[in-house]
Amino acid sequence: MTSSKFSDPSPTPYNPLPTYPQPPEQPQYIIVLPHYYRSPRQLLRVACRRYIYSAAVLILLAAAVFFLWPSDPDVSIARLRLRHLKIHTFPKIALDVTLDVTVRIRNKDFYSVNFRSVAVAIGYRGKQLGYVTSDYGKIRARASSYINATLELNDISIFSDIIPLIEDLARGSITFDTVTQIGGELGLFLFDIPIKGKVSCEIVVDTRNETISHQNCYPE
């Protein structure tokens, strides 16, 4: 008698089951937090804090604008002296005037001021007789500077105002107008901001002793 032996013609198509047990799956937890309600007192505190912070920011911004915002310098006449006054009647009516002026320029900002020129003009009854200008200069922050100028006019004809001039001579006083102007730039970081200042004065000159009897200056 013969016996036959069977064999597996193909490999097994699946992996065998492990002989050790599998660990159980990790449990999942869901945490539900209750809704947190703030009391009216707590809400009031939060609102007050927000208002305080907003007010502090506004105050800081206002202070920054106040200190950093550029302003025009103050221009005033510190000294005004009539050095010479002469009236010519022949061959025409004319004036010789020499006026010494000391201009005070005050820089109110926290930045330096570079002025191109300071011009001082003199006029009679709304008519400009002449002017003089100064050179370039610089004023430090929060400081003042004094500029001296001499206005000298010779043989200035005022034929159109001869009648008022005769009346002023008979009265013994002549009223002149002076205008002082400054033009320049404010050195703010990397920018040059143009600035200007102006002051006008009314001076009354005593023709008998050639002195200033009264003066009234006001900024413009």
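Structure first, text after, so check above.
Below is a summary of the structure that appears in this document. The written sequence of each chain sets the order in which its residues are numbered from 1. Thresholds applied to this predicted model are a pLDDT of at least 70 for local features of residues and 80 or more for the giving and counting of side-chain atom pairs; totals over whole chains, interfaces and linings are not thresholded and use all residues. The side-chain figures draw on all heavy atoms in the structure; neither hydrogens nor water molecules are used.

## Re the overall build of the chain
Stage number 1. Only runs of H or I of at least four residues qualify as helices and only runs of E of at least two qualify as strands under DSSP, and these elements are numbered from the N terminus. Looking only at helices and strands, the chain features two helices and nine strands.
Stage number 2. For the chain, the α and β elements follow one another from N to C terminus as α-β-β-β-β-β-β-α-β-β-β.
Stage number 3. For the chain, with 220 residues in total, the buried portion stands at 30%.
Stage number 4. In what follows, a contact means two residues having at least one pair of non-hydrogen atoms within 4.5 Å. Across the chain, the fraction of contacts at a sequence separation of at least 24, relative to all contacts at a separation of at least 6, is 65%.
Stage number 5. As presented, the chain carries roughly 16,500 Å² of accessible surface, and 58% of it is formed by carbon and sulfur atoms. Burial classes follow relative accessibility: with a 1.4 Å probe on protein chains only, a residue under 20% of its type's maximum area counts as buried, one over 50% as exposed, and anything between as partly exposed. Each accessible area value is a Shrake-Rupley result obtained with a 1.4 Å probe; residue values ignore everything except the protein chains displayed when judging cover.

## Details of unusual backbone geometry
Stage number 1. You will see that R125, though not glycine, has its phi angle at about 55°, which is positive.
Stage number 2. Mapped onto the fold, R125 is located in the loop between β3 (113-124) and β4 (127-133).
Stage number 3. Phi is positive for D155, close to 55°, though the residue is something other than glycine.
Stage number 4. Along the chain, D155 turns up in strand β6 (residues 144-157).

## Quick word on the nonpolar core
Stage number 1. We call a set of buried Ala, Val, Leu, Ile, Met, Phe, Trp, Tyr and Cys residues a nonpolar core when their side-chain atoms join them within 4.5 Å. Counting 34 residues, the largest nonpolar core has L99, I122, L129 and F176 as the members making the most contacts within it.
Stage number 2. Secondary structure elements with two or more residues in this core: β1 (74-88), β2 (94-106), β3, β6, β7 (173-188) and β8 (191-206).
Stage number 3. Here L99 is in contact with L80, R81, L82, I122, A149, T150, L151, T178, I203 and I212, once residues within four sequence places are set aside.

## Observations concerning the packing of aromatic side chains
Stage number 1. In this scheme Phe, Tyr and Trp rings, the latter by its six-membered ring, pair at centre separations within 6.5 Å, and the angle between planes marks the pair as stacked below 30 degrees, edge-to-face above 60, and tilted otherwise. In this structure the tally under the stated criterion is one aromatic pair.
Stage number 2. With a centroid separation of 6.0 Å and 55° between ring planes, the pair formed by Y124 and F176 is classed as tilted. You can see Y124 sitting in strand β3 and its partner F176 sitting in strand β7, a full 52 residues away along the chain.
Stage number 3. Classification of F176 as buried rests on a relative accessible area of 1%.

## Some words on the pairing of β4
Stage number 1. Of the pairings in the sheet, the one linking β3 to β4 comprises six bridges and is antiparallel in character. Its bridge partner being in β4, A119 is matched across the sheet by T133.
Stage number 2. In textbook terms, the turn of a hairpin is the stretch between consecutive antiparallel strands, and for β3 and β4 this stretch comprises two residues, one of which, R125, has a positive phi near 55°. We treat two strands as partners when DSSP finds at least two bridges between them.

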